[in-house]
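Residue-level listing of the chains:
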Amino acid sequence: MKRILISGFGTVGQGFCEVLSLRKDWLMERYGEVPVVVAAMDSKTVAKCPEGLDPLALVERKQTSRKVGEETYSDSLEVLGSVDFDILVEVSPTDIKTGGVGLKNIEYALSHGKDVITVNKGPLALEFNKLMTLAKDNGCRIRFEGSVGGAMPIINLCHENLAAEKIRSVRGIFNGTCNFILSKMDNGQPFEQALKEAQQLGYAETDPTNDVEGYDTAAKVAILANAVFHRDVKFSDVKITGITGITPEAIAQAASRNMVIRLIGEISETKLEVSPRLIPRDHPLGISGTLNIALIEADLAGPITIKGRGAGRIETASAIFSDLVAILDGRAEKLC
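The shown structure was predicted, so the numbers you read here are calculated from the model rather than taken from an experiment.

1. Description of the overall build of the chain
No. 1: Helix and strand counts for the chain come out as 13 helices and 13 strands.
No. 2: Relative to the globule expectation of 20 Å for 336 residues, the C-alpha radius of gyration of the chain, 20 Å, shows essentially globular dimensions.
No. 3: Its C-alpha atoms give the chain principal-axis dimensions of about 65 × 45 × 35 Å.
No. 4: Taking all 336 residues of the chain together, the buried fraction comes to 54%.

2. Quick word on the nonpolar core
No. 1: One finds Ile142, Ile154 and Val170 to be the most contacted residues of the largest nonpolar core, which totals 76 residues.
No. 2: The biggest single contributor to this core is helix α11 (residues 215-229), with 10 residues.
No. 3: Sequence-distant contacts of isoleucine 154, that is, excluding residues within four places in its chain, are made with Glu145, Val148, Val170, Phe174, Leu224, Ala294, Ile296 and Ile306.
No. 4: One finds Ile4, Val19, Leu27 and Phe321 within the second-largest nonpolar core, a separate group that totals 28 residues.

3. A word on the sheet that holds strand β13 (residues 302-309)
No. 1: What the 6 strands build is an open sheet, ordered β9-β11-β10-β8-β12-β13; its pairing is mixed. Edge positions in the open sheet fall to β9 (239-240) and β13, since each of these has one partner strand only.
No. 2: Summarising the sheet, strand β8 (residues 167-173) and strand β10 (residues 259-268) pair through 4 bridges and their orientation is antiparallel. Bridge pairing in β10 places valine 170 opposite isoleucine 267.
No. 3: Packed onto the sheet, α11 meets β8, β9, β10 and β11 (272-280) and runs at close to 40° relative to β10.
No. 4: Its contacts with the sheet place helix α12 (residues 248-256) against β10 and β11, and it is angled at close to 95° to β10.

4. Looking at the side chain of arginine 143
No. 1: Mapping arginine 143 onto the fold places it in strand β7 (residues 142-143).
No. 2: Here asparagine 156 takes part through its side chain, which lies 3.1 Å from a polar atom of the side chain of arginine 143.
No. 3: Within the local environment of arginine 143, its side chain forms a polar contact with the side chain of glutamate 160, the two groups lying 2.6 Å apart.

5. Here we look at the pattern of salt bridges
No. 1: Going through the model one piece at a time under the given rule, you end up with 21 salt bridges.
No. 2: One salt bridge connects arginine 141 with aspartate 115, and the closest N-O pair in it is separated by 2.9 Å. A residue pair is termed long-range when its members are at least 10 positions apart, and arginine 141 in the loop between α6 (121-137) and β7 and aspartate 115 in strand β6 (residues 115-118) qualify at 26 residues. Summarising the burial analysis for this pair, arginine 141 and aspartate 115 share the class buried.
No. 3: We note a salt bridge from glutamate 160 to arginine 143, for which the minimum N-O separation is 2.6 Å. Of this pair, glutamate 160 sits in helix α7 (residues 155-161) while arginine 143 sits in strand β7; the two residues are 17 residues apart in sequence, bridging distant segments of the chain.
No. 4: With relative accessibility at 31%, the residue glutamate 160 sits in the partly exposed group.
No. 5: Look at the salt bridges and you will find they share partners, linking Glu266, Lys271, Glu273 and Arg277 into a network.

6. Observations regarding the packing of aromatic side chains
No. 1: Evaluation of the coordinates by the stated rule reveals 5 aromatic pairs.
No. 2: Between phenylalanine 128 and phenylalanine 144, the ring centres sit 5.5 Å apart and the planes meet at 90°, which makes this aromatic pair edge-to-face. Of this pair, phenylalanine 128 sits in helix α6 while phenylalanine 144 sits in the loop between β7 and α7, and the two are 16 residues apart along the sequence.
No. 3: The buried category is assigned to phenylalanine 128, whose relative accessible area is 2%.

7. Some points on the packing of α6 against α11
No. 1: Between α6 and α11, the shortest axis-to-axis distance is 9 Å and the interhelical angle comes to 40°. With respect to α11, the element α6 is oriented oblique. Handedness of the crossing formed by α6 with α11: left-handed. Residues Lys121, Leu124, Ala125, Phe128 and Asn129 of α6 form the contact with α11, whose own contacting residues are Asp216, Ala219, Lys220, Ala222, Ile223, Asn226 and Ala227.
No. 2: The residue inventory of the contact of α6 with α11, partitioned by class, reads 7 nonpolar, 2 polar and 3 charged.

Cut-offs used in this document
Chains are numbered independently. Their residues run from 1 in the order of the written sequence. With the structure being a predicted model, the display of local features is reserved for residues of pLDDT at least 70 and the display and counting of side-chain atom pairs for 80 or more, all residues being used for whole-chain, interface and lining totals. Water and hydrogen atoms were dropped before computing side-chain values, which therefore reflect all heavy atoms in the structure. Note on conventions: DSSP H or I runs of at least 4 residues are helices, E runs of at least 2 residues are strands, and numbering of each starts at the N terminus. Here the globule rule reads 2.2 Å times residues to the power 0.38, and the radius of gyration is calculated from C-alpha atoms. Buried residues are those whose accessible area, probed at 1.4 Å on protein chains only, stays under 20% of the maximum for their type, while exposed residues exceed 50% and partly exposed ones sit between those limits. Grouping buried Ala, Val, Leu, Ile, Met, Phe, Trp, Tyr and Cys residues that are joined through side-chain atoms within 4.5 Å yields what is termed a nonpolar core. Should any heavy atoms of two residues lie within 4.5 Å, those residues are considered in contact. DSSP bridges decide pairing: two strands pair if at least two such bridges lie between them. Fitted lines through C-alpha atoms serve as axes, helices being fitted only where they are in contact, and the angles separating the N-to-C directions of these axes extend from 0 to 180 degrees. Two N or O atoms form a polar contact when they lie within 3.5 Å of each other; inside protein one atom must be a possible hydrogen donor and the other a possible acceptor, and for residues adjacent in sequence the pair counts only when both atoms belong to side chains. Whenever a carboxyl oxygen of Asp or Glu lies within 4 Å of a side-chain nitrogen of Lys or Arg, that contact is scored as a salt bridge. To pair, rings of Phe, Tyr and Trp, with the six-membered ring standing in for Trp, must have centres within 6.5 Å; the planes then decide the type, stacked if under 30 degrees apart, edge-to-face if over 60, and tilted in the middle. Note on terminology: angles under 35 degrees are roughly parallel, angles over 145 are roughly antiparallel, angles of 65 to 115 are roughly perpendicular, and the others are oblique. Each helix crossing is assigned a hand: it is left-handed if the near helix lies turned anticlockwise from the far helix by less than a right angle, otherwise right-handed if that turn is clockwise. When residues are sorted by character, Ala, Val, Leu, Ile, Met, Phe, Trp, Tyr, Cys and Pro go into the nonpolar class, Asp, Glu, Lys and Arg into the charged class, and all the rest, Gly among them, into the polar class.

What is shown is where atoms sit, not what they do.
Okay, here's the thing in structure tokens:
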């Protein structure tokens, strides 16, 4: 029976527990057993039980007390070292500058032969190839579908369904917050008003810098460059222009040409860029709202367009669950 440790028991970690409980009958039918959560930790507390914790009870405790457990800790690596687990589900908040605690946890798990599932963009955008090497050298797997596009299955699509294809380029909208703001600006709202509405609706953080300056999209561009194109790049290699400089006049000028402005991330063998682009209104990348979308150019299949919810409690948890299924199936991570 696989034993799971969840690191970063916030919204997404709670969503994963809900999905794990929701699909327990499916797991039992497919594998004859259900993986158990033997530990869960938030930023300050931890809950542990070798026989397994009730996933829904963890969620209820976190929501009612704001703590996942009664035991406190100061060093996450001490927690990892005290628990017998097989899979680390790392969903700590992203730190794009240093990788944060998520990078430490992932490195520890891989170094000790533990499989890892993560949606944490920071470690992958900063140390992708180091982490892949660690996994290979220690005979374990790291999967990260939810790190780009949330529920939109872009990474596993390239790694598995398009494994025999030569991917020429990937262009997409990878940040729903920016797309929401730009969509509102299409309708005449000033940037600041659109941003405030995004914050009120929970699409944007109190500090929206990572979104509006293009850093979140750039992290995803770096991940795709390494995962899909075998490049050895980091977040700092991405050319970034955010949306804060887009004026109402620029929006109006685009509209006069039946176009819209969208923040596009583009990746190929030679390109790494995030920037506002003029997009024809009826083009697939001209979508409005908070959806993510990607246009994949493959040599045999041609253009493939996928879209989905790039964030959300259950949506991102669905991507984690797909990676869990791949690990339980014994599927190795293959880079196309």
